[in-house]
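Analysis of the macromolecular model
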Amino acid sequence: MPTRILPAVGDADAVRSLITLLSQLPDAEPLPPLGDSTQLVDTLARLAAESVDELPEVVIVHERIGPVPALELVREVALRFPAVGVILVTTDAGPGLFSAAMDSGARGLVTLPLGYEDLAHRVQAVAQWSVGVRRHLGHGGDVFTGAGGTVVTVCGAKGGVGTTLTAVQLALAAQASGRPTALVDMDLQTGDVASYLDVQFRRSVVDLAAISDISPRVLADAVFRHDTGVALLLAPGEGERGEEVTDRAARQIISALRSRYEVVVVDCGAQLGGAGAAAVEMADTALLVTTPDVVAVRGAKRAVRMWDRLQIRKAEETTLVVNRHSRGTEIQPALIQKITGTALAATTVPAHFKELQAAVDAGRVHALDPKGTVRQALWALAGELGLVQAPETAVVRRGARARGGDRGAVGFRRRRE
């Protein structure tokens, strides 16, 4: 069986040299090269969605790939697609880089200028490792390829459109259905998740920013366990400290959460900095919340265009959620979709703020009336996004812990059934 090799190289000269050598390797099947990190992750995700067997055995990452730095890209590929072997191509073969590459999950290092013998030996070794991993894990269709769970980011077209409420309710719905869930407040300067859930905390996302290797124990120390079961990683109490969370730190934090929880919901707020941009780029689903008014729709269009210019997210890969919707508004969801060019969530959230006001003022949005139309719409949105456990699976989990389950989860499962 030929070894499929996927090169990710941003340098034109290096592409030609690498493809020439790969075509000479015995039993090698070089795939068309990709020019940036976004294309690589998107391609691997698409192939994994079909079957793990469709993934290449070897991915070669050039040191000058972008926009995500090479070592961070290696780490993300190794975490999300553990059956794929990654080789880093670099001019620096020193012990420091070698150690960093191995820590990031690379299976090999090849130095520039490329040599046939060195490349052939490394590709063969990594391919054998990849085949062995797949054989050990079993049939490709049974292998979990997501480095943990699903990441959903929630951004606002502008402030005050309901971003945090949406993020909180999505996390609550996923947790209540039996899926371990983490909620991250990546609105680093003005995050309000703690206020919405009335929690006092000492640690925040900033405490993980300077840690290069986030172990499960370190992560557990930074996370606050809410009464509902949702794991909270909150924004710092001092907004100026938000600058300490770089895009690299955000990637490592989200990757660590992804490996520990089935669902990770990230509240990015309305102003997208480097950390929020990294979260949106990594997300399986990126939501953009807007209200049906001219100012908010203009903000949504502006955000979508900016994400496209910065190669964070394409418009068609962004899902628009319309909050405070009513049939009497002049601007309807279909028109907003046409203006922004995004995908549109089938679920809209009605304009019934009176249902929310008491809970918001008390900091208890987790205690919204289950019969309220706003809560029902947001939990229906969670189901539409696939964040809610299938009813039959949820019932099995409930039975396994029947005496310790929470009433909210049981009530939700009954409504689902």
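Residues numbered from 1 in each chain as written. Predicted model: local features only at pLDDT ≥ 70, side-chain atom pairs only at ≥ 80, totals over all residues. Heavy atoms only, no water.

- An unreviewed UniProt entry annotates the protein chain as MinD/ParA family protein originating from Streptomyces lasalocidi.

Some words on the overall build of the protein chain
- Along the protein chain, the regular secondary structure elements total 16 helices and 13 strands.
- Taken over 417 residues, the protein chain has a buried fraction of 52%.
- Intrachain contacts of the protein chain at a sequence separation of at least 6 include 77% that bridge at least 24 residues.
- Working note: accessible area of the protein chain is about 19100 Å², and carbon and sulfur atoms make up 49% of it. (Helix = DSSP H or I, 4+ residues; strand = E, 2+ residues; numbered from the N terminus. Buried < 20%, exposed > 50% of the residue type's maximum accessible area, 1.4 Å probe, protein only. Contact = heavy atoms within 4.5 Å. Areas by Shrake-Rupley, 256 points an atom, 1.4 Å probe, with all protein chains shown as cover.)

Some remarks on the pattern of salt bridges
- One pass over the structure, following the stated rule, counts ten salt bridges.
- Put simply, E281 and R251 hold a salt bridge, and the shortest N to O gap is 2.5 Å. With E281 in helix α10 (residues 274–282) and R251 in helix α9 (residues 247–258), this pair connects stretches of sequence that are 30 residues apart.
- By relative accessible area, R251 is classed as buried at 9%.
- Beyond isolated ion pairs, a larger network of salt bridges with shared partners links E72, E76, R80, R248, R251, R258, E281 and D284. (Salt bridge = Lys/Arg side-chain N within 4 Å of Asp/Glu carboxyl O.)

Comments concerning the sheet that holds strand β5 (residues 108–111)
- Pairing in this open sheet of five strands is parallel, and the strands run β2-β1-β3-β4-β5 from one edge to the other. Every interior strand has two partners, whereas the edge strands, β2 (28–30) and β5, have only one. Adjacent strand axes in the sheet meet at a mean angle of 25° when their direction is disregarded.
- Relative to strand β4 (residues 85–90), strand β3 (residues 58–62) runs parallel, the two sharing five bridges. If you follow V58 over to β4, its bridge partner there is G85. (Pairing = 2+ DSSP bridges. Axes fitted to C-alpha atoms, helices over the stretch in contact; angles between N-to-C directions.)

Details of the environment of T164
- Relative to the elements of secondary structure, T164 occurs in helix α6 (residues 163–176).
- Here T164 is in contact with D192, V193, Y196 and D267, once residues within four sequence places are set aside.
- Side chain to side chain, T164 and D267 meet in a polar contact 2.7 Å long. (Polar contact = N/O pair within 3.5 Å; in protein donor to acceptor, adjacent residues only side chain to side chain.)

Re the nonpolar core
- One finds M186, L233, V245, L257, V266 and L288 to be the most contacted residues of the largest nonpolar core, which totals 48 residues.
- Beyond its immediate stretch of four places on either side in the chain, V245 contacts M186, L188, V205, V206, A209, A250 and A275.
- Counting residues in each nonpolar core, the second largest holds 40 residues, with L183, L197, A296 and L356 among its members. (Core = buried A, V, L, I, M, F, W, Y, C linked by side-chain atoms within 4.5 Å.)

Concerning the sheet that holds strand β8 (residues 224–225)
- Taken together, eight strands build an open sheet; the order of strands is β8-β9-β7-β10-β6-β11-β12-β13 and the sheet is mixed. What marks the edges here is a single partner per strand, and that holds for β8 and β13 (343–344).
- Judged from the two bridges that link them, β8 and strand β9 (residues 231–233) form a sheet pairing that is antiparallel. Across the sheet, residue F224 finds its bridge partner in β9, namely L232.
- Docked against the sheet, α6 engages β6 (150–156), β7 (181–185), β10 (263–269) and β11 (285–290), running at close to 175° with respect to β10.
- Each of β6, β11 and β12 (318–322) is contacted by helix α11 (residues 294–309), which is oriented at about 150° to β11, the strand it contacts most.

Some words on helix α14 (residues 373–384)
- In this model α14 runs 16 Å from its N-terminal to its C-terminal C-alpha over twelve residues, within 8% of the 16 Å that 1.5 Å per residue would give.
- By the burial criterion, the buried members of α14 are V374, R375, A377, L378, W379, L381 and A382.
- After α14 finishes, the residue G386 shows a positive phi value of roughly 80°. (Expected span 1.5 Å × (residues − 1).)

Notes on the environment of F224
- Examined against the element boundaries, F224 turns out to sit in strand β8.
- We classify F224 as partly exposed; its relative accessible area is 29%.
- Taking C-alpha positions, F224 is 9.0 Å from R202, a pair spaced 22 residues apart along the chain.
- Leave out the neighbours within four places in its chain, and F224 touches V199, Q200, V230, A231 and L232.

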